[in-house]
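Take a look at the letters that make up each chain.
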Amino acid sequence: MAKIVTVLGTRPEIIKLSPLLPLLYERYEHILVHTGQHYSHEMDGAFFAELGLRQADYALGVGSGAHGEQTGRMLARLEPVLLAERPDAVLVQGDTNTTLAGALCAAKLNIFVIHLEAGGRSFNRFAPEELNRIIVDHIANLLLAPDQVAYDNLIGEGLPPERIRMVGSSAIDAVQRNQTLAAGSAVLDRLGLQPGNYVALTLHRAENTTRDTLPGILRAIQRLAQEVRIVFPVHPRTAHAIEAMDLRMPPEVLAIDPLGYLDMIKLVACARALLTDSGGLQEEAAVLGTPVLVLRNETEWRYLVDAGCQTLIGNTCEAIIDGARHWLEPEALAKLRSSRPPIRPGASLRALDAISEYVPPR
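Parameters and conventions
- Residues numbered from 1 in each chain as written.
- Predicted model: local features only at pLDDT ≥ 70, side-chain atom pairs only at ≥ 80, totals over all residues.
- Heavy atoms only, no water.
- Pairing = 2+ DSSP bridges.
- Helix = DSSP H or I, 4+ residues; strand = E, 2+ residues; numbered from the N terminus.
- Contact = heavy atoms within 4.5 Å.
- Axes fitted to C-alpha atoms, helices over the stretch in contact; angles between N-to-C directions.
- Phe/Tyr/Trp six-rings, centres within 6.5 Å; stacked < 30°, edge-to-face > 60°.
- Buried < 20%, exposed > 50% of the residue type's maximum accessible area, 1.4 Å probe, protein only.
- Lys NZ or Arg CZ within 6 Å of the ring centre and 35° of its normal.
- Right-handed = clockwise from strand over helix to strand, strands pointing away.
- Expected span 1.5 Å × (residues − 1).

### Some remarks on the sheet that holds strand S7 (residues 164-166)
Okay, step 1: Across the sheet, which stays open at both edges, the seven strands sit in the order S3-S2-S1-S4-S5-S6-S7 with parallel pairing between neighbours. Both edges of this open sheet fall to strand S3 (58-59) and S7, since each of them pairs with a single strand only.
Okay, step 2: Relative to strand S5 (residues 112-116), strand S4 (residues 89-93) is paired through five bridges, and the arrangement is parallel. The residue of S5 that forms the bridge with Val90 is Val113.
Okay, step 3: Against the sheet, helix H6 (residues 128-139) touches S4, S5 and strand S6 (142-145), its axis set at about 135° to S5.
Okay, step 4: Here helix H7 (residues 148-156) sits on the sheet and contacts S6 and S7; the angle it forms with S7, its principal contact strand, is near 165°.

### Examining the packing of aromatic side chains
Okay, step 1: Applying the stated criterion to the full structure yields two aromatic pairs.
Okay, step 2: Consider the rings of Trp301 and Tyr303, whose centres lie 6.3 Å apart with planes at 80°: the pair is edge-to-face. Take Trp301 and Tyr303: they sit in the same class, and that class is buried.
Okay, step 3: The ring of Tyr25 is capped by Arg54, whose NZ or CZ atom sits 3.9 Å from the centre of that ring.

### Comments concerning the pairing of S5
Okay, step 1: By the criterion of burial, S5 is predominantly enclosed, with four of the five residues buried.
Okay, step 2: Chirality of the crossover, the property in question, places the unit of S4, helix H5 (residues 97-108) and S5 among those that are right-handed.
Okay, step 3: By the bridge criterion, three bridges tie S5 to S6 in an arrangement that is parallel. Note on S6: the bridge partner recorded for Ile114 is Leu142.

### Examining unusual backbone geometry
Okay, step 1: With phi around 50°, Arg86 is a residue other than glycine that occupies positive phi space.
Okay, step 2: Within the element layout of this structure, Arg86 appears in the loop between helix H4 (67-85) and S4.
Okay, step 3: A positive phi angle, close to 60°, is found at Phe123, a residue other than glycine.
Okay, step 4: Along the chain, the position of Phe123 falls in the loop between S5 and H6.
Okay, step 5: The exposed category is assigned to Phe123, whose relative accessible area is 62%.

### Some words on the sheet that holds strand S9 (residues 230-233)
Okay, step 1: Strand order in the open sheet formed by six strands is S10-S9-S8-S11-S12-S13, and the pairing between neighbours is parallel. The open sheet has two edge strands, strand S10 (254-256) and strand S13 (310-312), and neither has a second partner. Averaged over all neighbouring strand pairs, the angle between strand axes comes to 20°, with direction disregarded.
Okay, step 2: As paired strands, strand S8 (residues 199-201) and S9 are joined by two bridges and run parallel to one another. For Ala200, the partnering residue across the bridge sits in S9 and is Val231.

### With respect to H6
Okay, step 1: Helix length check: H6, at 12 residues, gives a terminal C-alpha distance of 17 Å against a target of 16 Å (1.5 Å per residue), a fit within 8%.
Okay, step 2: Taken residue by residue, H6 has Pro128, Glu129, Glu130, Asn132, Arg133, Ile134, Val136 and Asp137 as its buried positions.
Okay, step 3: Packing partners of the buried residues in H6 comprise H4, S4, H5, S5, S6 and H7.

### Some details on the pairing of strand S2 (residues 29-34)
Okay, step 1: Here S2 lies mainly inside the structure; five of its six residues are buried.
Okay, step 2: Sheet topology places strand S1 (residues 3-8) next to S2; six bridges connect them, and they run parallel. When the sheet's bridge partners are listed, Ile4 is paired in S2 with His30.
Okay, step 3: Here S2 pairs with S3 via two bridges, running parallel. Bridging from a neighbouring strand, Val33 pairs with Tyr58 of S3.

Encoded structure:
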């Protein structure tokens, strides 16, 4: 039986791979490696239990650090694993430092590299995720693109079409697979919330947690929280940045610890709208029918903006206040909510078929 090693290390990777991993266990000798890029139980360990996934075969325990330091530790700890396991292929997902390290380590060892969610582009070279995804796409052997835009991006960069398969987004499968379970979450009761009476907020991207940007975002959130209830599960990176900059969480905001996956789906599904800089949550909210105001100037999921269910409002204080006030008006919000994105289920099965074409189970 052919052997595949999957390398993951963050919450979005766990979620987006969750529908595919059980299929890989059925068809291949499958080994799971967790780099530990997200190193708190709230941000990774809890998701394995909630999603019914096997624990990782290898836990590298890399933890946080500067990009080069963190990626270097991953490479050093991953190489002995790949040399010992000698897989037929290595699968990585997305655009994290884990994605880069997994693909680069495998490519250096002449191991077949599969990239799930290939071709996404924000065209912002200052974003570390953009550099990661470009590098991985250009060293991978099989590129599993989520949509036509991503496919066209890969072709436009000169990558051969025979290496590309358009399979859809596994994040859609993950939400649909777990939506019924999430409906039973008691998170609203625990937080004293009623459906539709709050806006959910997430914030974690590197460009939004700098000294130049984060203070302005917090000022905007404070102003908005005087007009609408804002619930903010605080990402560890954001919490550390707030503390390091000696900033203060606006008291008007309901700031809470990170939520588990099912609780987060329930929170987003029942929100009036979602303010976020997360790519994964953009897709999850689209499935759930929740309007999204993206705290960025660009997005890899342009098709959701083009479909009219989401909008970019920027990440400066003035832009966030102006954009949120406009789009949270009932008429504008109804316009976002009435738009229906082109959701395409079944990405995990299509990805499995594409992988089997290139890496026969034997």
